[in-house]
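Survey of secondary and tertiary structure
What follows is each chain in one-letter form.
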Amino acid sequence: MSLSDTALTQDGLPPTQPDARVLILACGALANEILALIKLNGWTHISLTCLPAILHNTPDRIPDAVRAAVEKHQADFDRIFLAYADCGTGGALTALCDEMGITMIKGPHCYSFFEGNASFAIRAEDEIDTFYLTDFLARGFESFVIKPLGLDRHPELRDMYFTHYRRLMYLAQTDDPVLDTMARAAAERLGLAYERRFTGFGDLATALEDVARPDQAT
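In short, a report on the structure. Along each chain, residue indices are assigned from 1 in the same order as the chain's sequence is written. Residue-level local features of this predicted model are given only where pLDDT is at least 70; pairs of side-chain atoms are given and counted only at 80 or more, and the full residue set underlies all totals for whole chains, interfaces and linings. To get the side-chain values, take all heavy atoms of the structure and skip hydrogens and water.

**Here's the deal with the overall build of the protein**
For the purposes of this entry, the term helix denotes a DSSP run of H or I that reaches at least four residues, the term strand denotes a run of E that reaches at least two, and both are numbered from the N terminus. A count of helices and strands for the protein gives 11 helices and seven strands. Computed over the C-alpha atoms, the radius of gyration of the protein is 17 Å, within 12% of the 17 Å expected from 2.2 N^0.38 for a compact globule of 218 residues. Overall, the C-alpha framework of the protein stretches about 50 × 30 × 30 Å when taken along its three principal axes. Contacts between residues were defined by any pair of non-hydrogen atoms, one from each residue, lying within 4.5 Å. For the protein, the proportion of contacts with a sequence separation of at least 24, taken over those separated by at least 6, is 71%. Between the mean site of the 19 positive side-chain charges and the mean site of the 31 negative ones, the protein shows a separation of 2 Å. Computation of the radius of gyration draws on C-alpha atoms, with the globule rule given as 2.2 Å multiplied by the number of residues to the power 0.38. Charge counting follows a simple rule: Lys and Arg are positive, Asp and Glu are negative, and His as well as the terminal groups are ignored. A charge is said to be at NZ when it belongs to Lys, at CZ for Arg, at CG for Asp and at CD for Glu.

In structure tokens, the structure reads:
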């Protein structure tokens, strides 16, 4: 099942299986990948709900939104797992998880866990001048980059915003020529060199496999 990026961006996603035992609370930007893993592995005991992906443009609002969602759903599930990384919250999500007794995916952001946190850390120093896209961000480049930065109205601001970037790296979760074309066009629009690196689902898959284990369901 492929979901509307517009709906995932603005509205999020209600629980997909309300009678499941485990709830994954995720960013809307990860919905299609998580649903693909649930289907691939036959995790019928797992439900997914998502907060609006647009929260990433105001990361200070993410912890309160997560708290509200946990409080809303915790009575209906045996366990909740948070499929967010730190995502610009300055450690606030980790502190919230510790307070509420839930676990979350490790890593600073989705670029890191899609590539694999260990690999991303090794490359980090050499890629300090790199702007990243994922499948979701390649599709939503206009909504998440161009419009929030005002580049649709003031394209002359591009060089000011991206003066310290040298390349755009598309971290691809899927082998999709259409998304490759979109990501390449995004690099051209920003005046950056283009590179593509296939990651698959990376540490997201590993983390959800741990969540799905029968001995972790309660």
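**What to know about the packing of aromatic side chains**
What characterises a pair of aromatic rings is the spacing of the ring centres plus the angle enclosed by the ring planes. Stacked, tilted and edge-to-face are the three classes applied to pairs of Phe, Tyr and Trp rings, where Trp contributes its six-membered ring and a pair requires centres within 6.5 Å; stacked means planes under 30 degrees apart, edge-to-face means over 60, and tilted covers the rest. Applying the stated criterion across every chain yields a total of seven aromatic pairs. Arranged with centres 5.4 Å apart and planes meeting at 50°, the rings of Phe120 and Tyr132 form a pair that is tilted. Here the residue Phe120 occupies a position in helix H6 (residues 117-123), and Tyr132 occupies one in strand E5 (residues 130-133), the gap between them amounting to 12 residues. An aromatic cluster of at least three residues, connected via ring pairs, comprises Tyr111, Phe120 and Tyr132.

**Regarding the packing of helix H3 (residues 62-73) against helix H4 (residues 92-100)**
Axes are the key here: two packed helices are described by the angle between their axes and the distance separating the axes. Angles shown run from 0 to 180 degrees and are taken between the N-to-C directions of axes, each axis being a line fitted to C-alpha atoms and, for helices, limited to the stretch in contact. Running from N to C, H3 and H4 cross one another at 25°; their axes reach a closest spacing of 9 Å. Between H3 and H4, the angle falls in the class roughly parallel. Considering how the two elements wind past one another, H3 and H4 form a crossing that is right-handed. Residue-level contacts link Ile62, Pro63, Val66, Arg67, Val70 and Glu71 of H3 to Ala92, Leu93, Leu96, Glu99 and Met100 of H4. Three classes are used, and their members are as follows: Ala, Val, Leu, Ile, Met, Phe, Trp, Tyr, Cys and Pro are nonpolar, Asp, Glu, Lys and Arg are charged, and the others, Gly among them, are polar. Residue composition of the contact of H3 with H4, by class: eight nonpolar, no polar and three charged. Each angle receives one of four descriptions, namely roughly parallel if under 35 degrees, roughly antiparallel if over 145, roughly perpendicular if within 65 to 115, and oblique otherwise. Each crossing gets its handedness from the near helix: less than a right angle anticlockwise from the far helix is left-handed, clockwise is right-handed.

Purely spatial values, then, with no claim about function.
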